[in-house]
Amino acid sequence: MHDTFYYIANWKMNMHFHQAISFCSQEYEQLINLSQLPRKQIVLCPSFPVLFSATQLFKESRISIGAQNCSEHKAGAYTGEVSAQSLNQAGVRFCIVGHSERRTLFCESNEQIAQKVLRLYEQKIVPILCVGESIEAYQNDQTKTVIQEQVISILEKIALIQYSLFSPRLLIAYEPVWAIGTGTIPDTSHIKTVFSLIKELIHQANISLEATLLYGGSVNETNSSVLHSIPWMQGFLIGGASTDFQMFEKIVLSK
Ligand code: PGA
């Protein structure tokens, strides 16, 4: 598990139903070949209507399907929401939570995101928690404060459920908001500093957690090798470049 490198394709709302289904079916053989490479885990995260078809298509393979969001509630009168239980029943094994687009455009709070993480654990779905500072926070040297708040709020919730779970898995994707979709990535030293902060926060929380650190924000086939070389780097959350199979393949093969 520890040396597995994750390639998580976050298709956002960039691909409509037909595009996502044809990506999965047209590139099926190549995706299967990529997924069979040692120590590589591919997770495709299409929008909700595609999830079930995708889990059926890749049922017998090493490709996993992830959702882009879930409800913080278990069930009930929440029109338009999708529960972690439904995701599990549809065959979903991973779920992105706290993406900066959800935090900013849909005003999701750290508390709501923490609740989503709990709902996912109840359904044995691995959360992919996104954290990251805005450009203003970055320029004002507030990165540490923002990351601390975002990570600690989740770790505190995980601490409460420790009695019922043995070493839950958490993928933490550091995604500086100013790097998403901009073509700009931070200095490797900045990413390394944030990674070591997150590791320290997990250590201080004194909980049993199998955490994996990822980076996201303008990952592409030209910067992936340098990103690979950052200590503790165990995967990428890839937006734009994951919607083009050739680019995605180059990223998976770069190392
Ligand atoms: P990007 O998006 O790769 O297009 O920058 C990453 C993300 O938002 O997860």
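Calculation notes
Residues numbered from 1 in each chain as written. Predicted model: local features only at pLDDT ≥ 70, side-chain atom pairs only at ≥ 80, totals over all residues. Heavy atoms only, no water. Helix = DSSP H or I, 4+ residues; strand = E, 2+ residues; numbered from the N terminus. Rg over C-alpha atoms; globule rule 2.2 N^0.38 Å. Buried < 20%, exposed > 50% of the residue type's maximum accessible area, 1.4 Å probe, protein only. Contact = heavy atoms within 4.5 Å. Lys, Arg positive; Asp, Glu negative; His and termini not counted. Charge placed at Lys NZ, Arg CZ, Asp CG, Glu CD. Axes fitted to C-alpha atoms, helices over the stretch in contact; angles between N-to-C directions. Nonpolar A, V, L, I, M, F, W, Y, C, P; charged D, E, K, R; others polar. Expected span 1.5 Å × (residues − 1).

Moving on, we come to the overall build of the protein. A tally of helices and strands in the protein yields 11 helices and eight strands. Computed over its C-alpha atoms, the radius of gyration of the protein comes to 17 Å, within 12% of the 18 Å expected for a compact globule of 255 residues. When its C-alpha atoms are laid out on the principal axes, the protein stretches across 45 × 45 × 35 Å. Looking at the protein as a whole, 53% of its 255 residues qualify as buried. Summarising the internal contacts of the protein: among those between residues at least 6 apart in sequence, 72% fall at separations of at least 24. Once the 19 positive and 22 negative side-chain charges of the protein are each reduced to a mean point, those two points are 6 Å apart.

Bringing the packing of helix 1 (residues 17-26) against helix 2 (residues 28-35) into the picture now. Each pair of packed helices can be summarised by the angle the axes make with each other and by the distance between the axes. At a minimum axis separation of 4 Å, helix 1 and helix 2 run at an interaxial angle of 65 degrees. Here Phe 23, Cys 24, Ser 25 and Gln 26 of helix 1 come into contact with helix 2, specifically with Tyr 28, Gln 30 and Leu 31. Here the residues of the contact of helix 1 with helix 2 sort into four nonpolar, three polar and no charged.

Counted at 1.5 Å a residue, the expected span for helix 9 (residues 188-205) with its 18 residues is 26 Å, and the 26 Å between its end C-alpha atoms agrees. In the segment just after helix 9, Asn 206 is the residue with positive phi, at about 55 degrees.

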